[in-house]
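This is what each chain is made of:
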Amino acid sequence: METLKDTMLVGLNGVLELIWPLIMLVTLVTTYPVLALWRVLRRLFTFPLSMQDKVVLITGASSGIGEHIAYEYSRLGALLALVARRGEQLEAVAQKCRGFGCKDVLTIQSDMGDEEGCKKAVDETVQHFQRLDTLVLNAGLIQIFPFEELEDTQKVRSIMDVNFWGYVNTTKFALPHLRRSGGQLVVNDSVASYLPQLKNTIYNASKAAVSAFFETLRLELGSDVPITLFLPGVVKSDMTDGKAVQPSGEFATGDTAVRRRGEAGFGLFPVFPTPALARRAVAAARYRLQRVVIPSWYSLMFYIQAFEPELLQLQLWSQFSGKNSPVKKTTEMLGGGLKAPKDFNFKEGRGYKKEE
Ligand SMILES: NC(=O)c1ccc[n+]([C@@H]2O[C@H](COP(=O)([O-])OP(=O)(O)OC[C@H]3O[C@@H](n4cnc5c(N)ncnc54)[C@H](OP(=O)(O)O)[C@@H]3O)[C@@H](O)[C@H]2O)c1
């Protein structure tokens, strides 16, 4: 039974529903120029953090974005701890880092979907370097299949385990060290945390969880441990090549990987080159920016999501026209399209299976 007080509260909220959008609009229009000026001044008068001899731990460094972030930090003189499961790939990346000038690279084979694996990554880094200055959370898995194909949700828990709990657990173990060194957290999220993408239900949910967790943690940590969240659009990597989890919990291989990759909405958007993405992400972290969308044009989509969500349904169009869309054709002409999936060097272990 609704009481008189309930009715009054509903009425009060009704008034706010009417006037709040107007107040917000006025606030946005009046504060935006001031904020924009402040951002420019801040950029001009803030010195980027020097990374010389700073210890940077990067999760998911055996390929894609993590690999290129490692190269970027190497050029800046940082000392690196690189984590992933594929040992050989990790060693190859470490070798290249040395070539780019990194004086000390530690490779750690660990499963970031496991709490123990996250602890191992932090412990071994601190044991080796005696400190930790920057934690880059990047290891991740994607899924490409419609939700209704999933019979057993247990099979794909790995997505949440790695993408969300892996970030949370590593943060938990690293925070005392970051506090001690006056260090920072750098988090690879995704525009997927705001923009729904077909056939990526669990992946998108994991990225939205990452966003919510770190935006909240930022409020708790304040400036003690700054957090830079970067949200990439579609970037060339193993993931966009089709290294995607299937309803069985294993990665797609061969023809299935090709077919699944084709079914994802990736093709509609121009691919952003991985080295350029890494350069911008590391620059954002060095300037201690809170949140960057790379490339920035994606951020306009957030307004569409907030004010005209119906328009997002238009992406269904990509399912039919993605293959021949003008964006995709232009991108391919510029050499920025997605090429045939490569051999991912499939191995036994969580998510992996031997190629038939
Ligand atoms: N590519 C894009 O378009 C895009 C866009 C937005 C955000 N992102 C995010 O960028 C991050 C990196 O992805 P990517 O695009 O560079 O793809 P990628 O080339 O597949 O890289 C993923 C990395 O994560 C590692 N990894 C996966 N599961 C792991 C586990 N259980 N334990 C330890 N390491 C694990 C992989 O190494 P091993 O397999 O050797 O363990 C690999 O180094 C992900 O968080 C992804 O969500 C990517």
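Residues numbered from 1 in each chain as written. Predicted model: local features only at pLDDT ≥ 70, side-chain atom pairs only at ≥ 80, totals over all residues.

A. The arrangement of the overall build of the protein in detail. Within the protein one finds 12 helices and nine strands. Every one of the 356 residues in the protein was classed for burial, and the buried ones make up 41%. Sequence-distant contacts, at least 24 apart, represent 74% of the contacts inside the protein between residues at least 6 apart. (Helix = DSSP H or I, 4+ residues; strand = E, 2+ residues; numbered from the N terminus. Buried ≥ 20, exposed ≤ 12 C-beta atoms within 10 Å, placed from the backbone. Contact = placed C-beta atoms within 7 Å.)

B. Region of interest: the packing of helix α2 (residues 64-75) against helix α3 (residues 87-99). As a packed pair, α2 and α3 sit with axes 9 Å apart at the nearest point and diverge in direction by 25°. Classified by the interaxial angle, the pair formed by α2 and α3 is roughly parallel. Of the two elements, α2 crosses α3, and the hand of that crossing is right-handed. Contacts from Glu67, Ala70, Tyr71 and Ser74 of α2 reach α3 at Val93, Lys96 and Cys97. (Axes fitted to C-alpha atoms, helices over the stretch in contact; angles between N-to-C directions. Parallel < 35°, antiparallel > 145°, perpendicular 65-115°, else oblique. Left-handed = near helix turned anticlockwise from the far one by under 90°.)

C. Main features of the sheet that holds strand β1 (residues 55-59). Strand order in this open sheet of seven strands is β3-β2-β1-β4-β6-β7-β9, and the pairing throughout is parallel. Each end of this open sheet is capped by a strand with a single partner; those strands are β3 (105-109) and β9 (291-294). Across the sheet, the mean angle separating the axes of adjacent strands is 15° when strand polarity is ignored. Bridging between strand β4 (residues 134-137) and strand β6 (residues 184-188) involves four bridges; their strand directions are parallel. Within the sheet, the bridge partner assigned to Thr134 lies in β6 and is Gln184. Packing against the sheet, α2 makes contact with β1, β2 (79-84), β4, β6 and β7 (227-232), and its axis sits at approximately 170° to β1. Relative to the sheet, α3 contacts β2 and β3, its axis offset from that of β3 by approximately 170°. (Pairing = 2+ DSSP bridges.)

D. Main features of the site of the ligand. Near the ligand lie 30 residues; those nearest to it are Gly60, Gly64, Arg85, Gly140 and Ser237. Put simply, the parts of the chain that give the shell around the ligand at least two residues each are α2 and α7 (238-241). (Near = placed C-beta within 6 Å.)

E. Structural context of the UniProt feature "transmembrane region" (unreviewed entry) in the protein. Under the UniProt annotation, "transmembrane region" (unreviewed entry) lies at residues 18-41. Here residues 18-41 is 100% helix and 0% strand, with 36 Å between the C-alpha atoms at its ends. (UniProt positions renumbered as here; feature names shortened; annotations may be inferred.)

F. Just the environment of Gly87, in detail. Mapped onto the secondary structure, Gly87 falls in helix α3. A residue is classified by how many C-beta atoms lie within 10 Å of it, and Gly87, with 13 of them, is partly exposed. Considered as a pair, Gly87 and Ser110 are 23 residues apart in the sequence and their alpha carbons are 9.1 Å apart.

G. Just helix α8 (residues 254-263), in detail. Among the residues of α8, Ala257, Arg260 and Arg261 are the ones counted as buried. Buried residues of α8, seen end-on, are gathered within an arc of 100° and therefore sit on one face of the element. Seen from the buried face of α8, the exposed residues on the opposite side, beyond 90 degrees, are Asp255 and Arg259. Contacts made by the buried residues of α8 are with α7 and β8 (244-245). (Arc of directions from axis to C-beta.)

H. Looking closely at unusual backbone geometry. Residues Ile294 and Pro295 are joined by a peptide bond in cis, for which omega reads -5°. One can find Pro295 in the loop between β9 and α10 (299-307). Within the chain, Arg288 stands out as a residue other than glycine whose phi angle is a positive 50°. Inspection of the secondary structure puts Arg288 in the loop between α9 (274-286) and β9.

I. Geometry of the environment of Gln130. Inspection of the secondary structure puts Gln130 in the loop between α4 (115-129) and β4. The spacing of Gln130 and His177 is 47 residues in sequence and 9.4 Å in space, taken between C-alpha atoms.

J. Geometry of the confidence of the model for the protein. Per-residue confidence for the protein gives a mean pLDDT of 88; residues scoring 70 or more make up 87%. Predicted confidence for residues 343-350 stays below pLDDT 50, and this span has 18 contacts to residues more than four positions away or in other chains. A low-confidence stretch, residues 352-356 stays under pLDDT 50, and its non-local contacts, those more than four residues away or across chains, total 10 contacts. (pLDDT = per-residue confidence, 0-100.)

K. Looking closely at α9. Spanning 13 residues, α9 covers 18 Å between terminal C-alpha atoms, matching the ideal 18 Å at 1.5 Å per step. Of the residues making up α9, those classed as buried are Thr274, Leu277, Ala278, Ala281, Val282, Ala285 and Arg286. The buried residues of α9 occupy an angular sector of 165° when the element is viewed end-on, so they sit on one face. On its buried face, α9 sits against α2, β6, β7 and β9. Looking one or two places after α9, you find Arg288, whose phi comes out positive at around 50°. (Expected span 1.5 Å × (residues − 1).)

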